[in-house]
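# Structural overview for review
One-letter residues, chain by chain:
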Amino acid sequence: MRVLITGGAGFIGSHLAEAYLEQGHEVYIIDDLSTGSLANVTPLQNDARLGHRLFVHTDTILNQDLMLELAGTCDVVFHLAAAVGVHYILENPLKSIKINVEGTEKVLEICAKFKKRVLITSSSEVYGKHLHAPLVETDNIIYGPSSKFRWSYAASKLMDEFTALAYFRTKGLETIIARLFNTVGPRQTGAYGMVIPRLVSQALGNEPLTVYGDGMQTRTFTYVKDVVAGLMALMACDDAVGEVFNIGGTEEITILDLARKIIARTGSASTVAMIPYEEAYAKDFEDMLRRVPSIEKIRSLVGFAPVTDLDTILSRVIDYQRLTMA
Ligand code: UDP
């Protein structure tokens, strides 16, 4: 099979590419390297077993001619290219909306032209500021006002979902939507705000660990290879078409406890520094205080279950960062 992955040089995309290559498939990547990095895919290109089946294009998904060529060549499409990371969204508000809304529409239009099944990665952000758990795919959503720019990401991802579902309903395009919760593992960079790589690198550098707000906000974290297994299972499942699925973990932890765990696991001399939100982010920021998925829908359809616990995830991220810092 030939698999097209938009955003394939990113953190999740590169792991997805690796998994398909390992299974003997051909993988085509298009990535504009806005947050992705060729360093994520060069080890795959240099691997004699895998590299000859990997084709990487450094370009934007808004390049219609290239996208037509790639989508025409491939059997299935994973659309992961997006502006991601809270810091990145706040610093690039217009660019983020453009790539997330216009980019996805273009990808869907091209997939519809060639009738290629497409999986769109959405985000747990679409739920907005719920306090209840677990979040079910059919839950209502609650956003803050448009003056608070964080919600532009949620709204743009929600628009992607509507557009994908509309293509399914009106044109019969086989679309699948995966709402990814906090996904972590090697190759993730802390440069755009993601908490685990940031705190791990602070701990390894014996710097204070920056915990925002009162640290009582919670998240669940899922290992990237578990997420990739879920994405591949959905793509292979006819009954997933036209549906929305949460993909995430079930182990809820406060960010303060996460910071303490990272200090303990790295044996670091670091302390925790509590940083008010006003200092951490641009003004008009609003955090999500809790985010726990129900994974019943994907579990019952394709048997998805995350197998990697938080301690193991942290060990792997710590090992990876030690190796890349060395
Ligand atoms: N966070 C933190 N310190 C950091 C980076 C993030 O306390 O250095 C917090 C952030 O405010 C949020 C949580 O960690 O409550 C997860 O942040 P991340 O950006 O990784 O993902 P989000 O779930 O917010 O998209």
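Above this text sits the structure in question.
Attention in this report is confined to the structure presented alongside it. Note that the structure is a prediction, hence the values are computed from the model and not measured. (Residues numbered from 1 in each chain as written. Predicted model: local features only at pLDDT ≥ 70, side-chain atom pairs only at ≥ 80, totals over all residues. Heavy atoms only, no water.)

## Observations regarding the environment of Glu26
Relative to the assigned elements, Glu26 resides in strand β2 (residues 26-31). The sequence separation of Glu26 and Leu4 amounts to 22 residues, and the corresponding C-alpha distance is 8.7 Å. Engagement of the side chain of Glu26 in a polar contact is seen with the side chain of Tyr28, the distance being 2.9 Å. (Helix = DSSP H or I, 4+ residues; strand = E, 2+ residues; numbered from the N terminus. Polar contact = N/O pair within 3.5 Å; in protein donor to acceptor, adjacent residues only side chain to side chain.)

## Details of the packing of aromatic side chains
With the rule as written, the count across this model stands at seven aromatic pairs. Here the aromatic rings of Tyr143 and Trp151 are separated by 5.8 Å at their centres, their planes lie at 20°, and the arrangement is stacked. When its relative accessible area of 25% is taken as the criterion, Tyr143 is described as partly exposed. Trp151 sits in the buried class, given a relative accessible area of 4%. Members of the aromatic cluster, joined through ring pairs, are Tyr212, Tyr277 and Tyr281. The ring of Tyr127 has Arg179 lying over it, and the distance from NZ or CZ to the ring centre is 4.8 Å. Sitting over the face of the ring of Phe245, Lys297 holds its NZ or CZ atom 4.8 Å from the ring centroid. (Phe/Tyr/Trp six-rings, centres within 6.5 Å; stacked < 30°, edge-to-face > 60°. Buried < 20%, exposed > 50% of the residue type's maximum accessible area, 1.4 Å probe, protein only. Lys NZ or Arg CZ within 6 Å of the ring centre and 35° of its normal.)

## Some details on the site of the ligand
Near the ligand, the surroundings consist of 18 residues, among which Val195, Thr210, Arg219, Asp287 and Arg291 are the closest. Between Arg198 and the ligand, the recorded distance is 2.7 Å, taken from a side-chain N or O atom to an oxygen atom. One of the backbone N or O atoms of Thr210 is found 2.7 Å from a nitrogen atom in the ligand. Burial of the ligand by the surrounding chains reaches 95%, relative to a free accessible area of 520 Å². (Near = heavy atom within 4 Å. Areas by Shrake-Rupley, 256 points an atom, 1.4 Å probe, with all protein chains shown as cover.)

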